[in-house]
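# Chains, contacts and geometry: an overview
Here are the chains, one letter per residue:
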Amino acid sequence: MLAAPLAPARTGITRTAYWARLLPLLAALACVTRIPSFVRPLWNPDEGYLAVEARLLAQGGQLYDTVVDRKPPLLPWLYEAAFALCGSGSLTPLRILAVLAQLLTAVLLASLARRHWGDKAGRTAGVLYLLVSVGLNPEDAQAAGFEVFMLPWTAAAVWCADRGRWGAAGTAVAAAFLTKQTGGAVLLPVLWLLHRRGAVRAGLPRLVAGSAAPVLGAALLTDPGGFVFWTVTGSAAYATVSGSALHVLGRALANTALVAAASAGLLAPIARALRGARARTAEPWLRLWLASSAVAVTLGCHFFGHYYLQLLPPLALLATAALHTRPGQRCLAAVLTSCCACALFVGWGLLAPRPELAHAERLAAALAHRTAPGDRVLVWGMHPETYWLAGRTPATRYLTAGLLTNYSGGRDGSRVGEAYAVPGAWPVFRRELAAHAPALIADDSRGKPYAPARLPTLRRLLASDYTEVARVDGAVLYARAAARPGAGP
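Described below are features of the structure shown in this document. (Residues numbered from 1 in each chain as written. Predicted model: local features only at pLDDT ≥ 70, side-chain atom pairs only at ≥ 80, totals over all residues. Heavy atoms only, no water.)

What follows concerns unusual backbone geometry. Outside of glycine, negative phi angles account for most residues, and trans bonds account for most peptide bonds. Non-glycine residue Phe303 carries a positive phi angle of around 55°. Structurally, the position occupied by Phe303 is in the loop between helix 15 (284-298) and helix 16 (312-325). Here the phi dihedral of Arg446 falls at roughly 50°; this positive angle occurs in a residue that is not glycine. Its location among the elements puts Arg446 in the loop between strand 3 (440-443) and helix 22 (456-465). (Helix = DSSP H or I, 4+ residues; strand = E, 2+ residues; numbered from the N terminus.)

This next bit is on the state of the cysteines. Counted according to the given criterion, the structure contains zero disulfides. There is no disulfide at Cys31, and the cysteine sulfur nearest it, in Cys342, is 13 Å away. We classify Cys31 as partly exposed; its relative accessible area is 43%. (Disulfide = S-S within 2.5 Å. Buried < 20%, exposed > 50% of the residue type's maximum accessible area, 1.4 Å probe, protein only.)

What follows covers the packing of helix 4 (residues 92-117) against helix 7 (residues 146-162). Two elements in contact, helix 4 and helix 7, have axes separated by 8 Å at closest approach and are oriented at 25°. In terms of orientation, helix 4 and helix 7 fall into the roughly parallel class. Regarding helix 4 and helix 7, the two cross each other, and that crossing is left-handed. Tallied by class, the residues present in the contact of helix 4 with helix 7 amount to 16 nonpolar, four polar and two charged. (Axes fitted to C-alpha atoms, helices over the stretch in contact; angles between N-to-C directions. Parallel < 35°, antiparallel > 145°, perpendicular 65-115°, else oblique. Left-handed = near helix turned anticlockwise from the far one by under 90°. Nonpolar A, V, L, I, M, F, W, Y, C, P; charged D, E, K, R; others polar.)

Bringing helix 9 (residues 187-196) into the picture now. Taken together, the buried positions of helix 9 are occupied by Pro189, Val190, Leu193 and Leu194. The buried residues of helix 9 occupy one face: seen down the axis, they fall within an arc of 145°. (Arc of directions from axis to C-beta.)

On to the pattern of salt bridges. Per the counting criterion, the structure on display carries twelve salt bridges. Where Glu47 meets Arg95, a salt bridge forms, and the shortest distance between an N and an O atom there is 2.2 Å. Of this pair, Glu47 sits in helix 2 (residues 45-58) while Arg95 sits in helix 4; the two residues are 48 residues apart in sequence, bridging distant segments of the chain. Since its relative accessible area comes to 2%, Arg95 is described here as buried. With a shortest N-O distance of 3.1 Å, Glu356 and Arg446 are connected by a salt bridge. One end of the pair, Glu356, is in helix 18 (residues 355-370); the other, Arg446, is in the loop between strand 3 and helix 22, and 90 residues separate them in sequence. For Glu356, a relative accessible area of 32% translates into the label partly exposed. (Salt bridge = Lys/Arg side-chain N within 4 Å of Asp/Glu carboxyl O.)

Here it is in structure tokens:
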């Protein structure tokens, strides 16, 4: 008579014991795989951009007005909060948060896999995800960037939808979108789960409300018009398929090859999961999650390495599904192969040189030496981290030449110039430079298509008001002529 009431307690004890064993393993693995992230002050320009944004916001800047980017607000706010608590001189707090974000993603994937395929599948999914999560160029995989902080929200959206928690699923979808626009692609598998459960009438209003409220709140906390422009409508030129087709194709193939190498232990089971009669091992929501993520990666045809991180959660689950729903699958072989691949990518992150970071550090040192802390400077290039490293305030809200010329990786110059800038950017740029002229301008174009010689406004400004004073690794420094009574600083 006493046995039945004890069953729920045993279930709770079993669940607690399962996670008590698994969580330390996943936490240790998350820390080990991201050790390289702590050995560089910066990994890529996205981190530099976010760091400069956070400092400007802390100084009273207004997002989508005096501080602009083509990204949603959650990550700039997170950087700002981390800087407020820990200081703005290091990204170490963000590196720690990135480890926690990866751990949370792995835990959610483990929970999903355990619910569908059992305890062993849960362990496999969490471990496989963390092993493949570093399988790209370290500047893409180790940075505390948008995708790393977006993935916990995408996993949470599917996790909530799988349990019929539609309001929470909508909130997670919104948070993924507010971290990076392509995070909204997870809405497709969420809608599929809503349909499959037959909960459209009751669940759809909660899903819509959960999705809409955070987005509307973010728009109202910033500037509604600016929010819509900078996160949606103002990115049309950037997302246009243009530029060097061969360069873009090469990048796509290179990053696809890197992901395939990191996922070498997963490819065979994934192929079996998606092939012919065995496709039933890959549930429709999981295949839709992978497909929607693949579409998100290809949007705009830029194929940057960090875009590929969005593929990894559904890939890890697909492999887990195949390994644990068919007899004879070699789970241990898949994990060991992934461990070997992971070790190679972690070693790459620890040992690879970072010439662009070294260049930015030398240029920042020159800027700091030739200006006072309160001076404004203009770095004409694609490396906004120079402002952060130099500790100097930008002379304009446009932190890279890309926003003023439409230049991005892979452009061949055919659609780069003032005519292709973000609409309305150049009049604002001219007003800002007139209001607070930079004490120093660093032309860091180094032969790229956005060089001042190709831009009438910048060319006239340099010719009339500035004088060349130094060169640093190909970057040209110009000081204001009025500020130089004769000799250089």
